[in-house]
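# Fold and geometry: a report
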Amino acid sequence: MPPAKREDIRNIAIIAHVDHGKTTLVDAMLWQSGIFRSNAHVAERVMDSMSLEREKGITIMAKNTAVVFRGTTINIVDTPGHADFGGEVERALTMVDGVLLLVDASEGPLPQTRFVLKKAFESGLPPVVVINKIDRPDARAKEVLDEIYDLFIDLDAGDHQLDFPVLYTNARAGKCLVDGVETTLEPLFEQIIARVPAPSYDDAMTLQMLVANLDYNDYVGRLAIARVFNGRVVVGQQVGVVSPDGSIIRAKVTTLFGYEGLKRVPIDQARPGDIVALAGIEGIGIGSTIADAENPVALPVITVDEPTLSMIFSANTSPFSGKEGTYVTSRHLRDRLYKEALTNVSVKVEDTGSPDTLKVSGRGELQMAIIIETMRREGYEMQVGKPEVITRQVDGVRHEPMELLVIDCPEEHIGVVTELAGGRRGRMMKMVNHGSGRVRLEFRLPSRGLIGFRSQFLTDTRGTGIMNHIYDGHEPWLGDIKGRTTGSLVSDRSGRATSYAIENIQERGVMIVAPGEQVYEGMIVGENSRPGDIDVNVTKEKKLTNMRASTADEAAHIIPPRVLSLEQAIEYIGDDELLEVTPKAFRMRKRVLVANQRKKRD
């Protein structure tokens, strides 16, 4: 018997490379579907609801919304465009029946475009292609479409996937170009309904729902966001929850929410194809199946690519420990990291030999930095070590993760960029010059070669280069990579940094502390311009006599200190250094704080 279908609903994920306009397109779709009043004040990129997302201008968490077009409900999942948050994309694709592939009319397909499209093809999802930002002065829509076809063929797309519709949009203006005439986004809605298959289900099957996301509500507690594949669920129903490890618990659905625009609205029941949020099931995790209480049948578990990078997290042991944070003990840190692993499927947390130290594995430096920044804002204090790649043994040979690095830079910087990548064991795979003064370079290099790469790359290209990278399999270990060539300036005592001391020390390197800042022994206060560390006294004060006034300090010529972001600090630290993170500051320090003990250890 053929499966039944629900023609009144469509489930679609919007996938694209970072900054190609996914969230902006969702904004326009929400406005044109009539979700908001005409005089309503709505923030730009309304789906980016986390404060970190709004600050960085990127999507970090996959989120869903729903619009109604001519009686058909379209559930839209907005996904991140950064490779580091690929776990969010893999999770979102389990909830949908088709994808909206968004490509920039100038940049064309980039590494994350390849990654998300490959995942969509593996799931057998049909694509609708949207070429966005057609209003850009350097738009080249025709060439980009040819590149998309090449990408589809390269990824072994099936015949039904190659027969995709193409729409040209300007998401910021909410316009779609059809035969040279600008219209609203109506043609896009029509293609979604025509091309994305309606959810199918088996009438004979009992309830089956797959949990793809978790959220929290202050009133009803933990929410499981899931799609109904078979059967139906009603408020008050007894269900069986099958965990990925096979264990089964019984629970009762206390509350059920559907999606209406950006709001969750209480509903009485959900049918196949619906994406809903359920409350009342404690301890539920991502990948669990909510099934019939009497006959629980599990759905396939969500599979996510393995992490490529790990970092050591431990309780803060610096002299300033406990002065700035609310949660400072190893117990607080452990509970928070294991909670993160529950809601973030691409993160793994493991115990180490030390009770106050945990090993956290993820997809990249940016993902780690986001976790650290989120915890810092919640009031946690911690210290983290240098990122390390995760190797594996294949037939007794050590293999390491590789990355495909795509660089877009002005022609005059080709030499310096090639030298930088070559020094990190990078091989050039491709070079394309579009004749616009900028060149696209593709390299394949080890993941560890990218640690600290971004800051050096931006310096060498004077801020004009753009880089993107994505995991590209494992290869046998390629040998040592030369690390940072400079040492650190390390404070040899505790106290307050003075202008007098900094003026004398700044000739030796670049300072990262300003006059008046509190320092402690073993804290890194600057970057030495030469190899090797130097212990310095940044607290030294000018000796005052009756011949000198204390105001003479005002004549000191101080070069402004370099202010490091969290990502830059993570890239900077060496093997024998740690990054202390508190709600108010980042401080780099030596693992062994006391200078003479450090020398003995070396």
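Here, every reference points to the structure presented above.
An account of the accompanying structure is given in this report. (Residues numbered from 1 in each chain as written. Predicted model: local features only at pLDDT ≥ 70, side-chain atom pairs only at ≥ 80, totals over all residues. Heavy atoms only, no water.)

This part takes up the overall build of the protein. What the protein contains, in helices and strands, is 14 helices and 38 strands. By the compact-globule yardstick of 25 Å for 602 residues, the protein fits well, its C-alpha radius of gyration being 27 Å. Taking the principal axes of the C-alpha coordinates as reference, the protein spans close to 95 × 65 × 60 Å. Buried positions account for 52% of the 602 residues belonging to the protein. A fraction of 72% describes how many contacts in the protein between residues 6 or more apart in sequence connect residues 24 or more apart. (Helix = DSSP H or I, 4+ residues; strand = E, 2+ residues; numbered from the N terminus. Rg over C-alpha atoms; globule rule 2.2 N^0.38 Å. Buried < 20%, exposed > 50% of the residue type's maximum accessible area, 1.4 Å probe, protein only. Contact = heavy atoms within 4.5 Å.)

Here we come to the environment of Ala369. Considering the arrangement of structural elements, one finds Ala369 in helix α9 (residues 365–377). Since its relative accessible area comes to 2%, Ala369 is described here as buried. Expressed as a C-alpha distance, the spacing of Ala369 and Leu256, which sit 113 residues apart in the sequence, is 34 Å. With residues up to four places along the chain from it excluded, the contact list for Ala369 reads Leu566, Glu567 and Ile570.

Located in the positive-phi region is Asp156, a residue other than glycine, with phi close to 55°. Positionally, Asp156 belongs in the loop between α5 (141–154) and α6 (159–162). The phi dihedral of Arg425 falls on the positive side, at around 65°, and the residue is not glycine. Within the secondary structure, Arg425 is located in the loop between α10 (414–422) and β28 (427–433).

With that settled, consider α9. Taking 1.5 Å per residue as the helical rise, α9 with its 13 residues ought to reach 18 Å, and the 18 Å between its terminal C-alpha atoms agrees with that figure. Of all the 13 residues making up α9, eleven are buried; the element is thus mostly covered by neighbouring parts of the structure. Every buried residue belonging to α9 is among Glu365, Leu366, Gln367, Met368, Ala369, Ile370, Ile371, Ile372, Glu373, Met375 and Arg376, and all of these are buried. Among the residues trailing α9, Gly379 stands out with phi positive, at a value near 105°. (Expected span 1.5 Å × (residues − 1).)

A word on the nonpolar core. In this structure, Ile15, Phe152, Met209, Leu278 and Ile290 are the most contacted members of the largest nonpolar core, which totals 62 residues. When neighbours within four sequence positions are excluded, Phe152 is seen to be in contact with Leu101, Leu117, Phe121, Pro127, Val129, Ala157, Gln161, Leu162 and Phe164. (Core = buried A, V, L, I, M, F, W, Y, C linked by side-chain atoms within 4.5 Å.)

This next bit is on the pattern of salt bridges. Pairing between side chains of opposite charge can happen when the charged atoms of each approach one another. Under the criterion given, the structure shown has 32 salt bridges. Salt-bridge contacts for Arg6 lead to Asp8; the nearest nitrogen and oxygen are separated by 3.2 Å. Assessed through its relative accessible area of 32%, Asp8 is described here as partly exposed. When salt bridges that share partners are traced, they join Asp104, Lys133, Arg136 and Asp138 into one network. (Salt bridge = Lys/Arg side-chain N within 4 Å of Asp/Glu carboxyl O.)

What follows covers the sheet that holds strand β35 (residues 524–528). With mixed pairing, four strands are arranged side by side in an open sheet as β33-β35-β31-β36. Two strands lie at the open edges of the sheet, namely β33 (509–511) and β36 (534–536), each paired on one side alone. Between one strand axis and the next, the sheet turns by 30° as a mean value, whatever way the strands run. As judged from the three bridges shared by β33 and β35, these two strands associate in the antiparallel manner. What sits directly across from Gly509, in β35, is Asn528. (Pairing = 2+ DSSP bridges. Axes fitted to C-alpha atoms, helices over the stretch in contact; angles between N-to-C directions.)

Another point: the packing of α10 against helix α11 (residues 453–460). At a minimum axis distance of 10 Å, the contact between α10 and α11 shows a crossing angle of 160°. The orientation of α10 relative to α11 falls into the category roughly antiparallel. Crossing angle aside, the handedness with which α10 passes α11 is right-handed. The residues of α11 that touch α10, namely those facing Val416, Val417, Leu420 and Ala421, are Phe453, Gln456, Phe457 and Asp460. Grouping the constituent residues of the contact of α10 with α11 by class yields six nonpolar, one polar and one charged. (Parallel < 35°, antiparallel > 145°, perpendicular 65-115°, else oblique. Left-handed = near helix turned anticlockwise from the far one by under 90°. Nonpolar A, V, L, I, M, F, W, Y, C, P; charged D, E, K, R; others polar.)

Moving on: the side chain of Glu577. Note that Glu577 resides in strand β37 (residues 577–581). Among the polar contacts listed, one links the side chain of Glu577 to the side chain of Ser488, at a separation of 3.0 Å. A distance of 2.8 Å separates the side chain of Glu577 from the backbone nitrogen of Gly574, its partner in a polar contact. If we skip the residues at most four places from it in the chain, Glu577 touches Gly385, Arg484, Ser488, Ile524, Tyr572, Arg589, Lys590 and Arg591. (Polar contact = N/O pair within 3.5 Å; in protein donor to acceptor, adjacent residues only side chain to side chain.)

Counted according to the given criterion, the structure contains seven aromatic pairs. Between Phe121 and Phe152, the aromatic rings sit 5.2 Å apart at their centres with planes inclined by 75°, giving edge-to-face as the arrangement. A residue pair is termed long-range when its members are at least 10 positions apart, and Phe121 in helix α4 (residues 111–122) and Phe152 in helix α5 qualify at 31 residues. By relative accessible area, Phe121 is classed as buried at 11%. Ring-pair connections join several aromatic residues into one group, and the members of that group are Phe121, Tyr149, Phe152 and Phe164. Just above the ring of Trp477 sits the side chain of Arg398; from NZ or CZ to the centre is 3.7 Å. (Phe/Tyr/Trp six-rings, centres within 6.5 Å; stacked < 30°, edge-to-face > 60°. Lys NZ or Arg CZ within 6 Å of the ring centre and 35° of its normal.)

Take the side chain of Thr486 next. Turning to its location among the elements, Thr486 is positioned in the loop between β30 (466–476) and β31 (488–491). On the accessibility criterion, Thr486 (19% relative accessible area) is buried. Separated by 2.5 Å, the side chains of Thr486 and Glu527 make a polar contact. Among residues more than four places away in sequence, those in contact with Thr486 are Glu527, Asn528, Ser529, Arg530 and Pro531.

This part is about α10. By the burial criterion, the buried members of α10 are Val417, Leu420 and Ala421. With its buried residues spanning 95° around the axis, α10 presents them on a single face. Turning to α10, the residues buried within the fold contact β27 (397–410), β29 (438–446) and α11. (Arc of directions from axis to C-beta.)

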